[in-house]
Every structure is written in C-alpha cells, then in structure tokens.
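# Remarks on the overall topology
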Amino acid sequence: MHDGATATGGRDGTLTGQYALLAMRTDGESGAEAVTDRRTIRRFVVRTNGRFHLVRASDVDWFEASANYVLLHAGQSTHRVRITMQTLLEGLDPGVFLRIHKSVIVNVERIREIQPWFGGDYVALLNEGKQLRVSRTFARALLQPVHREALLRAVCATRPAHTTTASLSGEI
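Residues numbered from 1 in each chain as written. Predicted model: local features only at pLDDT ≥ 70, side-chain atom pairs only at ≥ 80, totals over all residues. Heavy atoms only, no water.

What follows covers the pattern of salt bridges. Counted under the stated rule, the structure contains three salt bridges. Asp59 is the partner of Arg56 in a salt bridge, and the nearest nitrogen-oxygen pair spans 3.1 Å. Residue Arg133 is joined to Asp121 by a salt bridge in which the shortest nitrogen-to-oxygen separation is 2.6 Å. In this pair, Arg133 sits in strand β11 (residues 131–134) while Asp121 sits in the loop between β9 (111–116) and β10 (122–126), placing the two residues 12 residues apart along the sequence. On the basis of relative accessible area, Arg133 is assigned to the partly exposed category, the value being 39%. (Salt bridge = Lys/Arg side-chain N within 4 Å of Asp/Glu carboxyl O. Helix = DSSP H or I, 4+ residues; strand = E, 2+ residues; numbered from the N terminus. Buried < 20%, exposed > 50% of the residue type's maximum accessible area, 1.4 Å probe, protein only.)

This part covers the confidence of the model for the protein. Looking at the protein as a whole, the pLDDT averages 74, with 62% of positions reaching at least 70. This stretch, residues 1–37, has a pLDDT under 50; its non-local contacts, to residues over four places away or in other chains, come to 61 contacts. Note on residues 162–172: pLDDT under 50 across the span, and 15 contacts to partners over four residues away in sequence or across chains. (pLDDT = per-residue confidence, 0-100. Contact = heavy atoms within 4.5 Å.)

Evaluation of the coordinates by the stated rule reveals three aromatic pairs. Arranged with centres 5.7 Å apart and planes meeting at 50°, the rings of Trp117 and Phe118 form a pair that is tilted. Taken together, the ring pairs in this structure connect Phe44, Phe63 and Phe97 into an aromatic cluster. Here Arg80 stacks its cationic end above the ring of Tyr69, 4.3 Å away from the centre of that ring. (Phe/Tyr/Trp six-rings, centres within 6.5 Å; stacked < 30°, edge-to-face > 60°. Lys NZ or Arg CZ within 6 Å of the ring centre and 35° of its normal.)

Strands sit in the order β6-β5-β4-β8-β7 across an open sheet of five strands; the sheet is antiparallel. Looking at which strands have only one partner, the edges of the open sheet turn out to be β6 (77–81) and β7 (97–101). Across this sheet, the average inter-strand angle for adjacent strands is 25°, counted without regard to direction. Two elements, strand β4 (residues 62–66) and strand β5 (residues 69–74), share five bridges in a ladder whose sense is antiparallel. Opposite Glu64, over in β5, you have Leu71 as the bridge partner. (Pairing = 2+ DSSP bridges. Axes fitted to C-alpha atoms, helices over the stretch in contact; angles between N-to-C directions.)

Now for the pairing of strand β3 (residues 51–56). Both strand β2 (residues 39–48) and β3 contribute to a ladder of six bridges, which runs antiparallel. By the bridge assignment for β3, Arg43 is matched with Arg56. In textbook terms, the turn of a hairpin is the stretch between consecutive antiparallel strands, and for β2 and β3 this stretch comprises two residues, one of which, Asn49, has a positive phi near 50°.

Sheet architecture is open: three strands sit in the order β9-β10-β11, paired in antiparallel fashion. The open sheet terminates on both sides in strands that have one partner only, identified here as β9 and β11. Here the strands of the sheet are splayed against their neighbours by 25° on average, with no regard to which way each runs. Pairing geometry for β9 and β10, over five bridges, is antiparallel. Across the sheet, residue Gln115 finds its bridge partner in β10, namely Val123. Along the sheet, helix α2 (residues 136–143) contacts β9, β10 and β11; its crossing angle with β11, the most-contacted strand, is approximately 105°.

With 18 residues, the main nonpolar core has Phe44, Phe63, Leu72, Leu88, Leu92 and Phe97 as its most contacted residues. Elements with a contribution of two residues or more to this core: β2, β5 and α1 (85–91). In this structure, Val108, Ile114, Leu132 and Val134 belong to the second largest nonpolar core, which totals 14 residues. (Core = buried A, V, L, I, M, F, W, Y, C linked by side-chain atoms within 4.5 Å.)

Laid out in structure tokens, this is it:
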C-alpha cells in the first residue's frame with residue numbers, strides 16, 4: 001500500500017486508526033513532489049462480511065460520528081471506520097466536504113436543498129432524501145460563497161433542464 005499504510009483489522013473486525021485510510025496521496029502532479037504538505041484521502045478500506053472493499057471518498061454522501069468510530073454513508077451502504085472526526089476532516093478535500101454539525105461531515109455536492117429550521121439551525125436535504133441537521137455554528141460556512149458553486153451544481157443537477165443557474169442563485 002502507499003505511504004507505508006497497511007490494513008490491519010481490530011478485534012471487533014473494524015480497521016483501526018490511520019490504517020483505515022488507504023491511498024492518502026500527496027497532492028501534486030503525476031506523483032511529482034508535493035506542492036503543499038496537505039494530504040487528501042482518496043479511498044477508504046472498509047470491511048464487510050470478512051472482506052475488504054475500497055470506497056472512493058467521492059462516493060461518500062456523508063459521515064456521522066458514532067462513539068470512537070465514524071459511520072461512512074455511501075448510497076444505501078453504511079460502513080464503520082475507526083478514526084476521529086477531526087482527523088477525517090483534515091484529510092478530506094475542503095472544497096467537497098464540510099462539517100455541518102459536531103457529529104456530521106457532508107459531501108456538499110450531495111446537498112439538494114437547505115431549509116431554515118428553529119433557532120438559527122438549518123436542515124440539509126440530500127439528493128436521496130436524507131435530512132441532516134446543520135447547526136448554527138457551522139451554517140455560516142455552508143452558506144458562504146466558497147461552497148455556493150458546489151451547491152448550485154448539485155441543485156442544477158436535480159432540477160428540470162428549463163431552470164437556469166441564474167434563477168437559482170437567489171435561492172441559497
């Protein structure tokens with residue numbers, strides 16, 4: 001495996017710590033020297049029925065904290081990985097993944113709609129219908145222009161063809 005990572009199973013059948021991340025690659029061109037020190041998680045190794053599977057980070061809809069683990073939600077599948085939310089967030093592409101609650105990190109390209117809720121909180125509706133709470137602490141970051149482009153792409157992909165991007169820009 002790359003970067004000295006090995007896949008080792010814990011006693012409970014989960015992958016442990018850093019080893020749950022397969023292919024943390026240094027950003028750069030064609031394996032050349034890194035432009036920055038940032039390492040981006042490209043894939044996860046998950047264990048299902050005694051077998052190890054690869055899940056691309058781009059296929060993940062959202063992550064959810066669960067005690068000492070993180071639940072990785074990709075489509076209809078949920079996988080448990082032993083890693084902290086902070087370590088995970090540091091390894092994910094910040095242009096694609098964003099923390100929206102102390103226990104949730106979401107792929108912003110999977111968000112279909114954001115609705116106001118109570119007390120300054122919001123609800124993010126994902127493409128497949130899942131509702132995730134956006135706490136007021138993290139709402140401002142989600143609604144900033146930096147993520148607006150990804151949100152508009154996601155919304156446009158779910159709208160009829162006659163709806164224009166210009167008419168959507170005021171909705172978010």
